[in-house]
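# A look at the structure
Residue strings, one per chain:
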Amino acid sequence: MKPVSIGLLGLGTVGQGVARILTRNAAEIERRTGCGIRVTLAAVRDRNKAEALNLGIGITTDAQALVSDPSIDIVCEAIGGEDPTLALLHSAIANGKHVVTANKALIAIHGNELFRAAHTHGVTVAFESAVAGGIPIIKALREGLAANRIQWLAGIINGTGNFILSEMAEKGRRFDDVLAEAQALGYAEADPTFDVEGIDAAHKLAIMASVAFGMPLRFDAVYTEGISKVTREDVEFADELGYRIKHLGVARRRKDGVELRVHPTLIPERRLLANVNGVMNAVVVYGDAVGPTLYYGAGAGSEPTGSAMVADIIDIVRALDADPSHRVPILGFQDDALKEHVMLKTADYQAAYYLRLHALDQPGVLATVTDIFGKLGISIEAILQKEPEMAIAGELTEDSIEVPIVPIILLTRRVREGLIEQAIERIQALSTITQPVTRIRVESL
Ligand code: HSE
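Definitions and cut-offs
- Residues numbered from 1 in each chain as written.
- Predicted model: local features only at pLDDT ≥ 70, side-chain atom pairs only at ≥ 80, totals over all residues.
- Heavy atoms only, no water.
- Domains from an automatic or database assignment.
- Contact = heavy atoms within 4.5 Å.
- Buried area = accessible area lost by both parts, 1.4 Å probe.
- Salt bridge = Lys/Arg side-chain N within 4 Å of Asp/Glu carboxyl O.
- Polar contact = N/O pair within 3.5 Å; in protein donor to acceptor, adjacent residues only side chain to side chain.
- Helix = DSSP H or I, 4+ residues; strand = E, 2+ residues; numbered from the N terminus.
- Nonpolar A, V, L, I, M, F, W, Y, C, P; charged D, E, K, R; others polar.
- Near = heavy atom within 4 Å.
- Areas by Shrake-Rupley, 256 points an atom, 1.4 Å probe, with all protein chains shown as cover.
- Phe/Tyr/Trp six-rings, centres within 6.5 Å; stacked < 30°, edge-to-face > 60°.
- Buried < 20%, exposed > 50% of the residue type's maximum accessible area, 1.4 Å probe, protein only.
- Lys NZ or Arg CZ within 6 Å of the ring centre and 35° of its normal.
- Pairing = 2+ DSSP bridges.
- Axes fitted to C-alpha atoms, helices over the stretch in contact; angles between N-to-C directions.
- Expected span 1.5 Å × (residues − 1).

## Some thoughts on the domain arrangement of the protein
How big an interface is tends to be expressed through the accessible area that disappears when the partners come together. Along its sequence, the protein is carved into domain 1 (4–134 + 302–337), domain 2 (141–298) and domain 3 (346–442). Computed over C-alpha atoms, the centres of domain 2 and domain 3 are 26 Å apart. At the junction of the two partners, domain 2 supplies 19 residues and domain 3 supplies 18 residues. Summing both sides of the interface, domain 2 and domain 3 together bury roughly 1700 Å²; the carbon and sulfur share of this comes to 61%. Counting the surface domain 2 buries against domain 3, the share from its top three residues, F237, L241 and L266, is 33%. A salt bridge links R356 to D234, with the shortest nitrogen-to-oxygen separation between them at 2.6 Å. Counting across the domain 2 and domain 3 interface gives twelve residue pairs in polar contact (both at pLDDT 80 or more). Looking at the side of domain 2 that touches domain 3, the elements that each hand over two or more residues are α12 (232–240), β9 (243–254) and β10 (257–268). Class assignment for the residues of the side of domain 2 that touches domain 3 results in nine nonpolar, three polar and seven charged.

Here it is, written out as structure tokens:
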């Protein structure tokens, strides 16, 4: 059989990883597939820079020519962005080429239309590398766990955010300071708000949820809250209560609908997920038959991401001559069996909650606060009252004087989020509460 020909869109960090792996492990990969795989052409913006890499690949600056080239079997996209990437992938598909992509935003937002096009043209779109870099989480969800009704999954799926929270917890560093280091180290997205505000994680969560629950992609339904408001105090108080704060993506299937949410989360410190630090990623998947399973590894980087792209290429090559209906379906469920689910609103989410209040140090304050919880039927799991600190209560004016203020930390039992919001509103209205209440969700996993 003649070698399978790969066209690479982009020869940056990820594209180079793919080219190097396919060259270095060519013999091992051929033993797996039964035929050779060669990167024959790469489309780049800067020809001189690409040629200086000496990868032994044909170079073009005409990406449209690459996706129309009849000698190319599989187009491997590692340029990112939406424009012109989406149009290029549509052209590749229309020209009968299989597509492998690491572009999480593109799949999360345009996946449904790309998959329809792929179905029409009898090709596949593979995106293992779009979620959690080198961790084969899509393969696990789609194939390894195919016997299960997957009930929930929760993951640390943004390395930059995890690096920031880990440094805050381990070294007591401040948020801005660690973000600057993450940017200098090259972990962060071009726009770091995608990392710290949870958008990157939301893209990945939307993709995992579709594969886990057999539903069309619903990036629009992911509730997203970033980590920029997590303070060192919250990290320390969480630690005192036996928790770590992680930026989690959670997808949960309930009888009445699906929760898709990305937010800072307190996790009991004994959980493996709570001990995933630095830029590493990890995902816990709960299947009804298998119970909890955990997947851990590098969530980004040249060869970890390249590893996932090459695995997708190998899967495609193994089934190159097969009837399209004999391939594993793109989302792991038959195309005509995907189901729309009710997307639950935040008020209907269910979690436990960590609340941090600052109150005047005077008798009866705690009783008033706990009374609010009692009246709303919210059970309190733990209360921590810290030493009073001298501070200005409320707005700073010429007459302001410092008074003793006590930080109070409350952990609730699992409850509907709408009730917690009501409690916060009532607490916030008390004249004895001196600053906005902090609310962080707690998951026992
Ligand atoms: N910016 C992403 C992260 C890269 O920090 O995880 C991998 O998607």
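## With respect to the site of the ligand
Looking at the ligand, the residues that line it are K104, N158, G159, T160, Y187, E189, D195, D200, K204, G299 and A300. At a separation of 2.5 Å, an oxygen atom of the ligand approaches a polar side-chain atom of K104. Here an oxygen atom of the ligand and a backbone polar atom of G159 are 2.7 Å apart. Isolated, the ligand exposes 260 Å² of accessible area, and the fraction of that covered by the protein chains is 89%. Among the secondary structure elements, those contributing two or more residues to the shell around the ligand are α8 (159–171) and α11 (199–213).

## Observations regarding the packing of aromatic side chains
Per the stated rule, a full pass over the model turns up three aromatic pairs. With 6.1 Å between their ring centres and 75° between their planes, Y223 and Y349 make a pair best called edge-to-face. Of the two residues, Y223 is situated in strand β8 (residues 223–224) and Y349 in the loop between α13 (302–318) and β13 (350–360); the sequence distance between them amounts to 126 residues. Here Y223 falls in the partly exposed class, since its relative accessible area comes to 22%. Taking the relative accessible area as the measure of exposure, Y349 reaches 1% and is therefore buried. The lysine or arginine in question, R142, covers the ring of F127, its NZ or CZ lying 6.0 Å from the ring centre. For the cation-ring pair, R261 lies above Y349, with the distance from its terminal atom to the ring centre recorded as 5.4 Å.

## Focus: the sheet that holds strand β1 (residues 4–9)
Spatially, six strands are ordered β3-β2-β1-β4-β5-β6 in an open sheet, and the strand pairing comes out parallel. A single partner strand is all that each edge strand has here, and the edge strands are β3 (58–60) and β6 (125–126). Note: β1 against strand β2 (residues 37–43), six bridges, orientation parallel. Its bridge partner lying in β2, L8 is registered against A42. Contacts between helix α1 (residues 13–24) and the sheet are confined to β1, β2 and β4 (74–77), with β1 contributing the most and set at about 160° to the helix. The strands touched by α13 within the sheet are β1, β2, β4, β5 (98–101) and β6, with β5 carrying the most contacts at an inclination of about 160°.

## Description of α1
Look at α1: 16 Å from first C-alpha to last across twelve residues, which is about the 16 Å you get at 1.5 Å a residue. The set of residues buried in α1 consists of G15, Q16, G17, V18, A19, I21 and L22. Contacts from the buried residues of α1 go to β1, α2 (26–33), β2, β4 and α13.

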